[in-house]
Amino acid sequence: MGGNFGIATTSGEWWRLGTSIFLHFGVRHLVPNMAVLWFFGRVVERMVGHRAFFIVYALGGLAGSVTGLIHNYEAVGAGASCATLGIVGCLLAVLIRKVGLLPNAQRTRLYELAAATLILAFLGDLLDGGIGGSHAAGLVTGFVAGVFLPVPTRKRRHFA
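Residues numbered from 1 in each chain as written. Predicted model: local features only at pLDDT ≥ 70, side-chain atom pairs only at ≥ 80, totals over all residues. Heavy atoms only, no water.

1. What to know about the confidence of the model for the protein chain
So, point 1. In the predicted model, the protein chain carries a mean pLDDT of 87, and the fraction of residues at 70 or more is 91%.
So, point 2. Per-element mean pLDDT across the protein chain ranges from 84 in strand 2 (residues 76-77) up to 95 in helix 5 (residues 81-97). (pLDDT = per-residue confidence, 0-100. Helix = DSSP H or I, 4+ residues; strand = E, 2+ residues; numbered from the N terminus.)

Printed below as a string of structure tokens:
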């Protein structure tokens, strides 16, 4: 149905690398991703703009899909968690680069929420049998993108 399945993906259905980041295995799988988008997506989109936000989301998701394909060829992969962790990575990069962009209290709160999100994501991976290379790929890809994206230089109070 569009999930990233190694045999199908490498047999010419490369589109699965992209479609799989918009599919989920149920509500329990969908809700955490939507929560991350609600809390962090709105902030990051305001910081970097609509196009850059989509590019970060897509790159994080694609990095996770390719990593999943390499590490778990026989499993079906789906979900936005790699893409949403890419958004978290981008946020962290922007917060580190542009210290004065947000008031200190708001920056601290975003760091705390990001840390909690990452702990929960990787704890879930551990409970599922190991550290998720796909999640890490999405996070790192988003962070690298956030290092290079142009962001406003003046202090703003309306990001979050």
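2. A short note on the packing of aromatic side chains
So, point 1. Summed over all chains, the structure comprises one aromatic pair.
So, point 2. A cation over an aromatic ring shows up here: R42 above the ring of W38, its NZ or CZ 4.0 Å from the ring centre. (Phe/Tyr/Trp six-rings, centres within 6.5 Å; stacked < 30°, edge-to-face > 60°. Lys NZ or Arg CZ within 6 Å of the ring centre and 35° of its normal.)

3. Quick look at the environment of H71
So, point 1. Along the chain, H71 falls in helix 4 (residues 50-71).
So, point 2. Its relative accessible area of 63% is what places H71 among the exposed residues. (Buried < 20%, exposed > 50% of the residue type's maximum accessible area, 1.4 Å probe, protein only.)

4. Quick notes on the packing of helix 4 against helix 7 (residues 133-148)
So, point 1. Where helix 4 meets helix 7, the closest approach of the two axes is 7 Å, and the angle between their N-to-C directions is 145°. Relative to helix 7, the crossing made by helix 4 is right-handed. Every residue of helix 7 that contacts helix 4 at V56, L59, G60, A63, G64, T67 and G68 is listed here: G133, S134, A137, G138, T141, G142 and A145. (Axes fitted to C-alpha atoms, helices over the stretch in contact; angles between N-to-C directions. Left-handed = near helix turned anticlockwise from the far one by under 90°. Contact = heavy atoms within 4.5 Å.)

5. Here we look at the side chain of T84
So, point 1. Within the secondary structure, T84 is located in helix 5.
So, point 2. Look at T84 and you get buried, because its relative accessible area is 1%.
So, point 3. Here S81 takes part through its backbone oxygen, which lies 3.1 Å from a polar atom of the side chain of T84.
So, point 4. Sequence-distant contacts of T84, that is, excluding residues within four places in its chain, are made with N33, V36, L37 and Y57. (Polar contact = N/O pair within 3.5 Å; in protein donor to acceptor, adjacent residues only side chain to side chain.)

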